[in-house]
Amino acid sequence: MSEKELRRSMSVFPIGTVIKLTDLSARQIRYYEEQDLIHPERSEGNRRLYSLNDIDVLLEIKDYLSDGLNMAGIKRVYKMQKEEEKKARNKKPLTDKDVRRIFYDEILSQGGLNPKNPFDTNRPKL
DNA sequence: CTTCTGACA
DNA sequence: TGTCAGTA
């Protein structure tokens, strides 16, 4: 892991800072953590500490949300990214963002996954 | 003063 | 998701 990646993964920001940077509510930020989309560490006083990477993910989630994806859809974007990582890890030189971008576009082009429509657990796998 | 967890008029 | 409570 490069030094830059190491720094981007260091947990140093309190939730207040993240709220200002992402314009998301504390409620939402904690909820996305429950959904395993971000993994902030904890300080001695049990306070959450976020990394630049966590903030990037939060910013991406905001975009997905504004484009109509619900939690199920967003979680799939990241879930598929992980699955694809294992395959590409030893082959393609795609970055995490490239992979997410690809699946994100696919999901959008397939329509659906709107916040209104309940869950889509039974949707066909991409 | 800031953040945390749990709960719901 | 908002928000209020009671803490740490």
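Residues numbered from 1 in each chain as written. Chains lettered and ligands numbered in written order. Predicted model: local features only at pLDDT ≥ 70, side-chain atom pairs only at ≥ 80, totals over all residues. Heavy atoms only, no water.

1. A few points about the protein's contact with DNA strand C
Looking at DNA strand C, the residues that line it are Ser25, Arg27, Gln28, Tyr32 and Arg47. The sugar-phosphate share of atoms of DNA strand C within 4 Å of the protein amounts to 25%. Between DNA strand C and the protein, one listed contact pairs a phosphate oxygen with a side-chain N or O atom of Ser25 at 2.7 Å. Tyr32 is positioned such that a nitrogen or oxygen atom in its side chain is 2.4 Å from a phosphate oxygen of DNA strand C. Grouping the constituent residues of the surface near DNA strand C by class yields one nonpolar, two polar and two charged. (Near = heavy atom within 4 Å. Polar contact = N/O pair within 3.5 Å; in protein donor to acceptor, adjacent residues only side chain to side chain. Nonpolar A, V, L, I, M, F, W, Y, C, P; charged D, E, K, R; others polar.)

2. Some details on the nonpolar core
Among the nonpolar cores identified, the biggest contains 21 residues, and Ile29, Leu58, Ile61 and Ile74 are the most heavily contacted of them. At the level of elements, α2 (15–22), α3 (26–34), α4 (52–66), α5 (71–88) and α6 (96–109) are the ones that each hand at least two residues to this core. Broken down by element, this core gets its largest block of residues, five residues, from α4. Inspection of this core shows a minimum of three residues originating in each of domain 1 (1–56) and domain 2 (67–126). Ile29 has contacts with Ile15, Val18, Ile19, Thr22, Leu24, Ile38, Tyr50 and Leu58, leaving out every residue within four places of it along the chain. (Core = buried A, V, L, I, M, F, W, Y, C linked by side-chain atoms within 4.5 Å. Buried < 20%, exposed > 50% of the residue type's maximum accessible area, 1.4 Å probe, protein only. Helix = DSSP H or I, 4+ residues; strand = E, 2+ residues; numbered from the N terminus. Domains from an automatic or database assignment. Contact = heavy atoms within 4.5 Å.)

3. A closer look at α4
Its 15 residues give α4 an end-to-end C-alpha distance of 21 Å, which sits within 8% of 21 Å, the value for a rise of 1.5 Å per residue. Gly68 occupies a position one or two residues after α4 and carries a positive phi of about 95°. (Expected span 1.5 Å × (residues − 1).)

4. Description of the protein's contact with DNA strand B
Inspection of the region around DNA strand B gives Pro14, Ile15, Gly16, Arg27, Arg30, Arg42, Asn46, Arg47 and Arg48 as its neighbouring residues. At the protein interface, 76% of the atoms of DNA strand B within 4 Å belong to sugar or phosphate. At 2.5 Å, a side-chain N or O of Arg30 approaches a phosphate oxygen of DNA strand B. At a separation of 3.4 Å, a sugar or linking oxygen of DNA strand B approaches a polar side-chain atom of Asn46. Those elements that place two or more of their residues in the surface near DNA strand B are α2 and α3. Considering only residue class, the surface near DNA strand B consists of two nonpolar, two polar and five charged.

5. Observations concerning the confidence of the model for chain A
Parts of the model with low pLDDT should not have their predicted coordinates read in detail. When pLDDT is averaged along chain A, the result is 85, and 81% of the positions lie at 70 or above. Taken as a whole, residues 121–126 scores under 50 in pLDDT and shows eleven contacts with residues more than four places along the chain or in a different chain. (pLDDT = per-residue confidence, 0-100.)

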